[in-house]
Amino acid sequence: MQLGFSNSLLQEVEKEAQLLGHQSPQWSDWDGGKIGGRPSWLNPRDLPEGILRCRGPCGKSTDDKLGSPLCFVTQLYCPADDVRESAFHRSLYVFACPKCCSASSTLMVSLKKSSANQGEMNSTPEHNLSDCIQVLRCQLPKKNDFYPLKGDVDGEWIKHTSAFWAKTNQNDQLNLCAVCGLRSRGKCPKQKKFFCSSDHQKEYLRATKKSRGDKSTNGANSVSLKYLPSLCFASELVVEEEPQPSHHATKNDFAKKASDGLFKSVEISDVDADLEQSDLNVLTGNSAFAEAATGVTDPTTLAFYARMAIGGEVNDVRDQCLRYSRWPETKQGSASIDDDDDGISEGPLWLTSDNQPPLQYENETSSPPFPPPCQYCGAPRSFEFQILPQMLHYLCVDPSEKRESDGGMSSQVLTESEIAILLEAKSKIESGVDLPPGFREQHERAVAKAREALLGIGESKTHSVPHGARVPLEWGTIAIYTCTASCGEGGVVSLQDIVCSVSSTEKERLRCLGSYREEVAWIQPSLD
Amino acid sequence: MSEERGGFGRGRGRGRGDRGRGRGRGRREGGRDENVWVPVTKLGRLVKEGKIGSIEEIFLFSIPVKEAEIIDYFLKDKLQDEVMKIMPVQKQSSAGQRTRFKAFVAVGDAAGHIGLGVKCSSEVATAIRGAILSAKLNIAPVRRGFWGRKSGLPHTVPTKVTGKCGSVRVRLIPAPRGTGLVSSPAGKRLLSMAGIDDCYTSTRGHTRTMGNFIKALFYALRNTYGYLEPDLWKENVLTATPFQEHTDFLSKKQIR
């Protein structure tokens with residue numbers, strides 16, 4: 001199991017920062033990948049045609065039935081030349097819909113609600129969140145049109161850039177959009193740059209105006225990412241091995257504590273042997289029936305935290321963003337969490353017991369097992385990697401701003417006095433003093449409203465995102481499943497390549513992705 | 001040649017970033033703080049940005065706390081943990097008996113937040129560590145009732161209260177300032193975590209059963225809340241009882 005970490009670009013030399021992804025032709029140096037920013041295409045010539053759009057519910061409610069354009073999340077370089085020679089170079093790209101994968105999207109809220117209902121089986125909703133994520137895979141054999149045969153080359157190689165192919169093939173569209181890095185549709189005469197749509201053209205213009213007043217940008221050729229709200233902040237993705245479970249050096253402390261337990265246990269068969277976490281929560285008044293239900297009793301979540309803490313303090317891996325394990329051999333699925341399981345499992349690490357993909361047919365009427373076989377070649381799909389919620393921190397937080405613990409006070413949703421009033425009202429209610437009628441309901445309504453504003457999950461009517469603001473992405477974990485045959489010889493997809501029986505519109509859509517093949521993802525909503 | 005390449009899924013013996021471009025995480029550069037917390041939940045992200053002032057706000061809005069570091073962030077050094085009991089539990093298997101250890105841990109600051117955690121594991125240290133994590137994730141405010149107004153800050157229970165569970169009876173008696181907690185060691189720890197400084201206690205029954213003892217203690221604490229003291233009687237607004245309304249209705253009907 002390998003872990004991906006985010007490496008900040010600030011300390012990098014300017015030149016090195018440009019060499020992320022596939023921008024350098026020296027492919028023996030390629031490692032890890034990229035988080036946020038613009039995608040760096042492995043195959044610069046056979047790009048997807050047009051903007052990538054969400055296939056989920058956000059498109060159904062608009063007039064033109066077009067989903068919202070997707071936001072680039074991450075890419076990684078994961079060669080598979082042991083599987084197939086044409087996968088000598090292989091890259092995976094992940095795009096997410098900013099409208100559907102956010103805390104306020106109706107789909108996300110309904111998924112969380114269904115998981116909060118206890119006593120129900122894993123009910124898979126009709127709209128799967130997986131439609132809102134697009135995963136693209138591209139591979140090239142060792143001998144290809146874009147990169148030199150030998151890994152190390154000096155200086156003047158430009159065949160790997162889209163601009164070169166735009167000139168060679170006289171295809172102006174291959175020039176990439178200055179904002180999102182996808183294929184462009186035209187050139188703006190005023191700004192002298194290429195854009196994929198008028199939205200991005202306007203966004204870039206706004207951004208150049210804003211950055212003119214900012215002295216910190218060093219007059220670089222391109223505008224800093226913080227002024228472009230449809231992009232996420234960029235950082236480098238580096239690879240490390242997952243550490244083995246460490247046995248703490250502080251064993252002595254625990255041994256002492258063990259013998260000093262406040263309640264000495266003498267008999268083996270004790271009445272307390274049956275006490276579980278949910279019972280303890282009832283004691284402190286923290287159960288699901290109490291007003292303030294704040295606890296965690298899900299064993300999957302606890303196992304997740306235990307795995308995060310696997311390195312101990314010596315080798316802290318809690319800031320991992322990505323877990324990579326290509327097509328693991330172990331039995332996948334929500335096996336019962338065995339407490340003795342100190343052994344490391346190589347499959348996906350889920351966050352909650354609910355909202356896990358169905359791995360086989362549960363009954364005749366349930367949805368088909370996940371993941372579906374490859375549409376192109378029919379081979380089964382298997383887990384390759386998963387994106388963790390820590391990546392959201394690196395995508396949405398500007399690394400160049402100094403972060404102090406009280407730096408956000410000015411942007412608080414409620415002022416301090418309002419919070420003090422609510423707290424006092426709460427203590428009055430709790431102390432049982434007689435209250436004027438309707439006080440309690442009024443208080444509860446005010447609390448609910450403040451809570452929604454704080455968490456950003458209000459109704460879409462009252463909570464409209466201001467124009468030009470960054471829409472916050474949110475997920476629990478995204479698990480990506482890829483074709484185990486890693487099909488494709490590195491060329492553009494033709495209609496004959498698609499073996500499985502899908503509709504002709506679907507075939508056409510897949511063909512328009514150029515030499516990039518689609519894979520599937522499963523998204524699990526976040527913990528809270 | 002192929003061994004010299006980087007990327008995910010290559011090289012079993014990858015150390016701290018020695019393949020590919022030789023990047024590990026930027027530890028050597030010294031620009032990284034030690035053990036910086038990267039939040040996993042939305043609430044964690046809000047807390048890290050500073051949008052939430054105190055832990056009381058979280059309880060006010062009933063936002064589920066799913067990340068232990070949030071508790072650490074607010075309660076940093078004030079949080080103490082105490083192992084209450086470690087007991088071996090056994091499971092019968094075909095190869096004999098399998099013994100595992102079940103650890104019960106209480107964490108709390110001395111200001112009225114307490115959490116109880118339990119974890120079972122084959123090693124004592126793992127069980128204790130897991131139980132501490134579970135306790136932090138299940139922290140709740142102790143319902144302190146209204147305190148006596150005679151003194152400035154609350155320091156004791158307002159009246160004599162008793163709680164019972166099973167055969168255990170726990171009685172809490174108010175004590176003057178400076179008395180401290182007069183109780184068994186377990187009771188002392190739990191009461192101090194609940195935020196009580198001075199108290200006399202009296203117990204009866206099989207107090208060695210931890211579950212019943214804790215339940216009785218918390219019931220006693222909960223009885224302090226909602227207990228109407230005599231000096232509050234006159235503040236009650238006398239509202240019409242349902243029976244009164246009913247008889248009024250009936251008498252009206254008769255007149256017609």
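Cut-offs and rules
- Residues numbered from 1 in each chain as written.
- Chains lettered and ligands numbered in written order.
- Predicted model: local features only at pLDDT ≥ 70, side-chain atom pairs only at ≥ 80, totals over all residues.
- Heavy atoms only, no water.
- Helix = DSSP H or I, 4+ residues; strand = E, 2+ residues; numbered from the N terminus.
- Buried < 20%, exposed > 50% of the residue type's maximum accessible area, 1.4 Å probe, protein only.
- Areas by Shrake-Rupley, 256 points an atom, 1.4 Å probe, with all protein chains shown as cover.
- UniProt positions renumbered as here; feature names shortened; annotations may be inferred.
- Phe/Tyr/Trp six-rings, centres within 6.5 Å; stacked < 30°, edge-to-face > 60°.
- Salt bridge = Lys/Arg side-chain N within 4 Å of Asp/Glu carboxyl O.
- Pairing = 2+ DSSP bridges.
- Axes fitted to C-alpha atoms, helices over the stretch in contact; angles between N-to-C directions.
- Contact = heavy atoms within 4.5 Å.

Structural notes on the overall build of chain B
Tallying secondary structure elements over chain B gives 7 helices and 8 strands in all. Looking at the 256 residues of chain B, the share that counts as buried comes to 47%. Of the roughly 12,800 Å² of accessible surface on chain B, 51% is carried by carbon and sulfur atoms.

Quick look at the UniProt feature "domain: S5 DRBM" (unreviewed entry) in chain B
Feature annotation in UniProt places "domain: S5 DRBM" (unreviewed entry) on residues 79–142 of chain B, given in this structure's numbering. Across residues 79–142 of chain B, helical content stands at 22% and strand content at 62%; the span's end C-alpha atoms are separated by 15 Å.

Here's the deal with the packing of aromatic side chains
All names here are of chain A. Per the stated rule, a full pass over the model turns up 17 aromatic pairs over all chains. With 5.3 Å between their ring centres and 80° between their planes, Trp 30 and Tyr 77 make a pair best called edge-to-face. Of the two residues, Trp 30 sits in the loop between α1 (14–17) and β2 (33–35) while Tyr 77 sits in strand β3 (residues 71–77), which places them 47 residues apart along the sequence. For Trp 30, a relative accessible area of 3% corresponds to the buried category.

A closer look at the pattern of salt bridges
One pass over the structure, following the stated rule, counts 15 salt bridges over all chains. A salt bridge links A:Arg45 to A:Asp145; its shortest N-O distance comes to 3.3 Å. Of the two residues, A:Arg45 sits in the loop between β2 and β3 while A:Asp145 sits in the loop between β5 (133–140) and α3 (162–168), which places them 100 residues apart along the sequence. Across the salt bridge formed by B:Glu82 and B:Arg189, the nearest N and O atoms sit 2.6 Å from each other. Residue B:Glu82 is located in strand β1 (residues 80–93), and its partner B:Arg189 is located in helix α5 (residues 185–194); the two are separated by 107 residues in the primary sequence. B:Glu82 gets classed as buried once you look at its relative accessible area, which sits at 18%. Here B:Arg189 falls in the partly exposed class, since its relative accessible area comes to 25%. Taken together, the shared-partner salt bridges in this structure form one network comprising A:Arg45, A:Asp46 and A:Asp145.

Digging into the sheet that holds β1(B)
Residue and element names in this part refer to chain B. The sheet built from 4 strands is open, its strands ordered β1-β2-β3-β4 with antiparallel pairing. Two strands close off the open sheet at either side, each with one partner strand: β1 and β4 (139–141). Neighbouring strand axes in the sheet, compared pairwise and without regard to direction, differ in orientation by 20° on average. With 9 bridges connecting them, strand β2 (residues 96–109) and strand β3 (residues 113–121) associate as antiparallel partners. Among the inter-strand pairings, Phe 104 is bridged to a residue of β3, identified as Val 118. Across the sheet, helix α4 (residues 124–137) lies against β1, β2, β3 and β4, angled at about 145° from β3, the strand it touches most. Set on the sheet, α5 makes contact with β1, β2 and β3; between it and β2 the angle comes to about 40°.

Quick look at the pairing of strand β5 (residues 161–165) of chain B
Residue and element names in this part refer to chain B. Residues Val 161, Gly 163 and Cys 165 point to one face of β5 and are all buried, whereas Thr 162 and Lys 164, pointing to the other face, are not buried. Note: β5 against strand β6 (residues 168–173), 5 bridges, orientation antiparallel. For Gly 163, the partnering residue across the bridge sits in β6 and is Val 170. Hairpin connection between β5 and β6: a loop of 2 residues separates the two successive antiparallel strands, and Gly 166 in this loop has a positive phi of roughly 65°.

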